[in-house]
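Observations on chain architecture
For reference, the chains in residue letters:
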Amino acid sequence: MLAYLLRRLVYTLPIMLGVAVVCFALVHLAPGDPLVSVLPPDASAELQAQLRTLYGFDRSLPEQFFGWVWRALQGDLGTSIATSRPVTGEVLTAVGNTLRLAVVATLIGFFFGCLFGFVAGYFRNSLVDRTASMLSVLGVSVPHYWLGMVLVIVFAAQLNWLPATGAGPGSSGDWAWDWAHLRHMVLPAITMSVIPMGIVARTVRALVAEILAQEFVVGLRAKGLTHFGVFRHVVKNAAPTALAVMGLQLGYLLGGSILIETVFAWPGTGFLLNSAIFQRDLPLLQGTILVLAMFFVLLNLLVDVVQTTIDPRIQRS
Amino acid sequence: MAFGQAVGDQLPTNLANAADIPRTLGQPDQGFEGNRFTGIPMYDALTHWDLSKADAPSVLIPGLALSWAVDAKDKTKWVFKLRPGVKFHDGSAFNADAVVWNVRKVLDKDAVHFDASQVGVTASRMPTLRSARKIDDLTVELTTSEPDSFLPLNLTNLFMASPAHWQKKFDAAAGATPADKAKAAWTAFAADASGSGPFKMARFVARERLELVANKAYWDPKRTPRIDRVVMLPMPEANARTAALLSGQVDWIEAPAPDAMATIKQRGHVIHSNPQPHVWPWQLSFAEGSPWLDKRVRHAANLCVDRDGLSKLLGGMMGSPKGTVPPGHPWWGNPSFDIKFDPAAAKKLMTEAGHSAAKPLKVKVQISASGSGQMQPLPMNEFVQQSLKQCFFDVEFDVIEWNTLFTNWRKGAKDPSANGTNAINVSFAAMDPFFAMVRFTSTKTFPPVSNNWGYFGNAEFDKLIADARTAFDDKARDAALAKLHARIVEEAPFVWIAHDVGPRAMTAKVKGVVQPKSWFIDIAPMTMD
């Protein structure tokens, strides 16, 4: 197990380097001036040159890249051009806020996804299956930003039951797991959970159907196991794949919530990326993408390890 | 007076499509939206815009300077007499030393407190200012690189931060070098700022909220706030802002969703708007081979835009331009060319220029799909495209990302980035003469120096600009600018399409709102029921 873990860790290193290269290159390949947020287009050419030097954009790209990687390895992701605040602090605060939302959304998505998937798979071609399948297809198909806006219109603007935006009555730093704060999380978490719910439900349904068709299930039934007993075995066999899918979904939610966080003004990584993109704040954009990509890589590693623990066949292979 | 209860005390802003509060250290980013929300409420400048009238142009008034005059012998030197008895929020005194310190923060690279991050947004807005010198505690001399009568207007953008408060932050800052310490001091200052404005910073959470409390000791009794606390929340998405207002979460939103205007009014909220010194034009190319070189064509385009129809498309949230500034403005100048919707006259001009329905004139315009100040660029441009079609224009668009368009604006119509276009659609602020007129009409501002994208300019315009820059009496300067404006309208280097009206929606509880003809609005005189 330890050797497997070490091997996986070593495989991760070139991936991380590749991620850093791609992240840096993508941001620099995009057209536009990196100093656009601090340099109005009417600034003189002299002033432009002066600021380019002061911000280090007059240096060659390899020089900028290695400098950035070296500082990143020491935990310094640079300083935001637009705000002059350290990027590391900004990203970590945002990651904390997104993580909180993403984990809750993942739990909701996983619970309902598994529920719909197992029920639909176990009672295939029944009314229950068709209803659960319809819900999961809806989950995958409905644009989540649209759903978010609809939920806001109904529950905030019309019914006034829940707040429309924000991460609590104060700031996100004052977060507490009480109703005053959780009511701010209800709508974004539900909106965010819909896609993972649909994906998990469809995956689990297919898995359950496949497992139920296997010979060992016939054997279990021949042994006289109850429905619940058979169901328990099916769950155990489907769990590694369901977990892997959920892990990937959590990864997507950590980085892919720009629209939802913007709609709900939730101060997470998506909100931060939105700001960095619109302000063309390269250090902030690079830093945020890097941290999110690293999360994704590490999450994949974690899922692999958990899968291996649950299913020893993976380790042996 | 308390500004609402639990959820009623919040004034969110849209913050120009950015998901952040403008910088709070004295020189805000995010253009004039930044000045509106963290500049003017928290800080003072030597000169201010008069924001107290809704029915007259916003003009220059004394701020921290009581009076100013250019040196009779050397027109590059100005003497400013400062307002006595003004204190910064930290209790330190405002004086000539503070002015010199604030000029040096952006212009003197050798100053310990020089901050590169504030240079771009400040120096470009006062392009000729070079230095400041203390004459006595309440008198300061400012020097410009050339005679420039626009300086007092430009100085509305230089906000005075407290040197004593910054010094405390510097002394407490960690850093290997003075430059590192200065950088850390500015970051600390931004989180705990001290200006001399009508509101003091109470709490700042980056990207989440800025809480301001009233400065009851403010020097101007008319602007001493009657609202105790203002909370600003960044909400970049228009529908989210609108929902926040409708749900009672906030009392004020900037730029509500256009299709929600009726609902907002139905719920008893109030929409405030007034034409701003904002121009939404097509800036035309005068490069060789441009279809706009013929003045008849330029006039025809200006006469063929159905601005009333466009206004309906925008729910009435648009002003119809007669030029860069409106009639009645001190710089209006009564041009002989009347910008209006007259398709018959436009067709006549186009026919004279050799165009017809069978032989339309092809023009290509570079536009963006979104962007700060761009209003709704896609539907608006498509509307103009249809409108011009009846006058024998065949309009094609080159749609690019907003920041790229902004960068291209500087490169000019002859640059490959223009991609074969002969007009560009970048909206701009027309607060002061340089930004409103000079940068688009001087031969000295051809790309890459400034934003004369279309290379419009000649000796006549250079002389008109020079006359205005060297007219140091306010009336004489305005008269010279009026001549310049009149000639600009007559020569039509733009197709003037719209002025933004800066719509903002507030609950009926917010009283005393004056929406001036300005990019700015003064929160200080407002009250809450």
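All values derive from a computational prediction rather than experimental measurement. (Residues numbered from 1 in each chain as written. Chains lettered and ligands numbered in written order. Predicted model: local features only at pLDDT ≥ 70, side-chain atom pairs only at ≥ 80, totals over all residues.)

1. Brief notes about the overall build of chain B
When you go through chain B residue by residue, the secondary structure sums to 16 helices and 20 strands. A compact globule built from 529 residues should have a C-alpha radius of gyration of about 24 Å, and chain B, at 24 Å, falls within 12% of that. Expressed along its principal axes, the backbone C-alpha trace of chain B runs to roughly 75 × 60 × 45 Å. Taken across its 529 residues, chain B has 57% of its residues classed as buried. In chain B, the proportion of contacts linking residues at least 24 apart, taken out of those at least 6 apart, comes to 69%. (Helix = DSSP H or I, 4+ residues; strand = E, 2+ residues; numbered from the N terminus. Rg over C-alpha atoms; globule rule 2.2 N^0.38 Å. Buried ≥ 20, exposed ≤ 12 C-beta atoms within 10 Å, placed from the backbone. Contact = placed C-beta atoms within 7 Å.)

2. Some points on the overall build of chain A
The helix and strand tally for chain A stands at 13 helices and 0 strands. The order of α-helices and β-strands along chain A, N terminus first, is α-α-α-α-α-α-α-α-α-α-α-α-α. Viewed in the frame of its principal axes, chain A has a C-alpha envelope of about 85 × 55 × 35 Å. Looking at chain A residue by residue over its 317 residues, the buried ones come to 43%.

3. Remarks on the interface of chain A and chain B
Tallying the contact residues gives 46 residues for chain A and 46 residues for chain B. Listed by contribution, the elements that provide at least two residues to the side of chain A that touches chain B are α2 (45–54), α6 (144–158), α10 (258–263) and α11 (269–278) of chain A. By residue number, the principal contributor to the side of chain A that touches chain B is α6 of chain A, which donates 5 residues.

4. Here's the deal with the confidence of the model for chain B
Residue and element names in this part refer to chain B. For chain B, the mean per-residue pLDDT works out to 91, and 96% of the residues sit at or above 70. Note that pLDDT drops below 50 for residues 1–10; the model gives that stretch 26 contacts with residues more than four away or on any other chain. Segment residues 12–18 is flagged for pLDDT under 50; beyond a separation of four residues in sequence, or across chains, it makes 37 contacts in the model. As scored by the predictor, the complex reaches a pTM of 0.84 and an ipTM of 0.78. (pLDDT = per-residue confidence, 0-100.)

5. Focus: the pairing of strand β14 (residues 393–400) of chain B
All names here are of chain B. With 8 bridges joining them, strand β13 (residues 361–368) and β14 adopt parallel strand pairing. Among the inter-strand pairings, V363 is bridged to a residue of β14, identified as V395. Running through helix α12 (residues 377–389), the crossover from β13 to the neighbouring parallel element β14 is right-handed. (Pairing = 2+ DSSP bridges. Right-handed = clockwise from strand over helix to strand, strands pointing away.)

6. Observations regarding the sheet that holds strand β4 (residues 77–82) of chain B
Residues and elements named next belong to chain B. Here 4 strands make up an open sheet; going across it, the order is β3-β4-β6-β5 and the pairing antiparallel. Whereas interior strands pair on both sides, the edge strands pair on one side only; in this sheet they are β3 (65–70) and β5 (129–136). Each strand of the sheet is rotated relative to its neighbour by a mean of 20 degrees, with strand direction disregarded. One ladder, built from 5 bridges, connects β3 with β4; its direction is antiparallel. Bridging across to β4, W68 finds its partner in F80. Across the face of the sheet, helix α2 (residues 96–107) comes into contact with β4, β5 and β6 (139–144) while running at roughly 160 degrees to β5. (Axes fitted to C-alpha atoms, helices over the stretch in contact; angles between N-to-C directions.)

7. A closer look at the packing of α2 of chain B against helix α3 (residues 116–123) of chain B
Residues and elements named next belong to chain B. α3 packs onto α2 with a crossing angle of 100 degrees between their chain directions and a minimal axis gap of 7 Å. Compared by their axis directions, α2 and α3 come out roughly perpendicular. Together, K105, V106 and L107 of α2 and Q118, V119, T122 and A123 of α3 make up the contact between the two elements. The class makeup of the residues in the contact of α2 with α3 is 4 nonpolar, 2 polar and 1 charged. (Parallel < 35°, antiparallel > 145°, perpendicular 65-115°, else oblique. Nonpolar A, V, L, I, M, F, W, Y, C, P; charged D, E, K, R; others polar.)

8. Topic: the packing of helix α4 (residues 87–122) of chain A against α11 of chain A
Residues and elements named next belong to chain A. Packing of α4 against α11 brings their axes to within 7 Å, and their N-to-C directions diverge by 135 degrees. On the basis of the axis angle, α4 is oblique to α11. In this structure, α4 contributes E90, V91, A94, V95 and T98 to the contact, and α11 contributes T269, G270, F271 and L272.

9. A word on α12 of chain B
Residue and element names in this part refer to chain B. Between its first and last C-alpha, α12 extends 18 Å over 13 residues, near the 18 Å set by a 1.5 Å rise per residue. Taken as a whole, α12 has its buried residues at P377, M380, N381, F383, V384, S387 and L388. Buried residues of α12, seen end-on, are gathered within an arc of 155 degrees and therefore sit on one face of the element. Check the buried side of α12 and you find it contacts α9 (295–303), α10 (307–313), β13, β14 and β17 (494–498). (Expected span 1.5 Å × (residues − 1). Arc of directions from axis to C-beta.)

10. Overview of the confidence of the model for chain A
Mean pLDDT over chain A: 84, with 95% of residues reaching 70 or higher. The spread of mean pLDDT over the elements of chain A runs between helix α13 (residues 312–316) of chain A, the lowest at 61, and helix α7 (residues 179–212) of chain A, the highest at 91.

11. Things to note about α11 of chain A
Residue and element names in this part refer to chain A. Summarising burial for α11: 9 of the 10 residues are buried, a large majority. Of the residues making up α11, those classed as buried are T269, G270, F271, L272, L273, N274, S275, A276 and F278. Positive phi appears at R280, one or two residues downstream of α11, with a value of about 50 degrees.

12. Some points on the pairing of strand β7 (residues 199–205) of chain B
All names here are of chain B. Bridging between β7 and strand β8 (residues 209–214) involves 6 bridges; their strand directions are antiparallel. Directly across from F204, in β8, lies its bridge partner L210. Here β7 hands over to β8 after 3 residues, with R207 in that stretch at a positive phi of 65 degrees.

13. Re the sheet that holds strand β10 (residues 252–254) of chain B
Residue and element names in this part refer to chain B. Read across the sheet, 3 strands follow the order β10-β18-β11 without closing on themselves; strand pairing throughout is antiparallel. Whereas interior strands pair on both sides, the edge strands pair on one side only; in this sheet they are β10 and β11 (270–272). Neighbouring strand axes in the sheet, compared pairwise and without regard to direction, differ in orientation by 20 degrees on average. Both β10 and strand β18 (residues 504–506) contribute to a ladder of 3 bridges, which runs antiparallel. Following the sheet pairing, I253 is matched in β18 by A505.

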